[in-house]
Amino acid sequence: MVHCSGGAQTKVLHFIDELHVIKDNLFETPPLFKIIQEESGTDWKEMYKVFNMGHRMEIYVSAQHAQDIINISNRFQVAAQIIGRVERADKKQVTIKSQYGTFVY
């Protein structure tokens, strides 16, 4: 479980080795982050590294348990969905595929 504050979408890199986290089904970015990006001129790759972009919590579980966790979350009116997957790799890496581009960390 990773709370995406203080490291944002790349925070998971502190907790993995030889894994590739692929986030390719993210929630829609809330308007606040679009405003921050436009007003600051910060590139989107940096935005995902600094801000949670509307994703507050990540829970890494096997696919067979994901829907049960989503159902529990929904019972508390907390939006939840599968946002990606984890694959074995030679090094730790995060790839974000969003409407703003593909970013590798």
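Residues numbered from 1 in each chain as written. Predicted model: local features only at pLDDT ≥ 70, side-chain atom pairs only at ≥ 80, totals over all residues. Heavy atoms only, no water.

Novice: Looking at this structure, how should I read the overall build of the chain?
Specialist: A count of helical and extended segments in the chain gives three helices and six strands. Helices and strands appear in the chain in the N-to-C order β-β-α-α-β-α-β-β-β. Against the 2.2 N^0.38 benchmark of 13 Å for 105 residues, the chain shows a C-alpha radius of gyration of 14 Å, consistent with a compact globule. Dimensions of the chain along its principal axes, counting C-alpha atoms only, are 40 × 40 × 25 Å. (Helix = DSSP H or I, 4+ residues; strand = E, 2+ residues; numbered from the N terminus. Rg over C-alpha atoms; globule rule 2.2 N^0.38 Å.)

Novice: What am I meant to see in the sheet that holds strand β6 (residues 101–104) here?
Specialist: To summarise the sheet geometry, strands pair through backbone hydrogen bonds and adopt either a parallel or an antiparallel arrangement. Pairing within the open sheet is mixed, and its four strands lie in the order β4-β2-β5-β6. Looking at which strands have only one partner, the edges of the open sheet turn out to be β4 (84–88) and β6. For this sheet, the mean inter-axis angle between neighbouring strands, taken without regard to orientation, is 15°. As paired strands, strand β5 (residues 93–98) and β6 are joined by four bridges and run antiparallel to one another. (Pairing = 2+ DSSP bridges. Axes fitted to C-alpha atoms, helices over the stretch in contact; angles between N-to-C directions.)

Novice: Can you help me understand the pattern of salt bridges in this one?
Specialist: Opposite charge on two side chains lets them pair, provided their charged atoms get close. Across all of its chains, the model carries three salt bridges by this definition. Note that Lys23 is salt-bridged to Glu58, the shortest N-O span being 2.5 Å. Residue Lys23 is located in strand β2 (residues 19–23), and its partner Glu58 is located in strand β3 (residues 57–58); the two are separated by 35 residues in the primary sequence. For Arg85, the salt bridge identified is with Glu87, shortest N-O distance 3.0 Å. Residue Arg85 is classed as partly exposed on the basis of its relative accessible area of 39%. A single salt-bridge network, built from bridges that share partners, covers Asp24, Arg85 and Glu87. (Salt bridge = Lys/Arg side-chain N within 4 Å of Asp/Glu carboxyl O. Buried < 20%, exposed > 50% of the residue type's maximum accessible area, 1.4 Å probe, protein only.)

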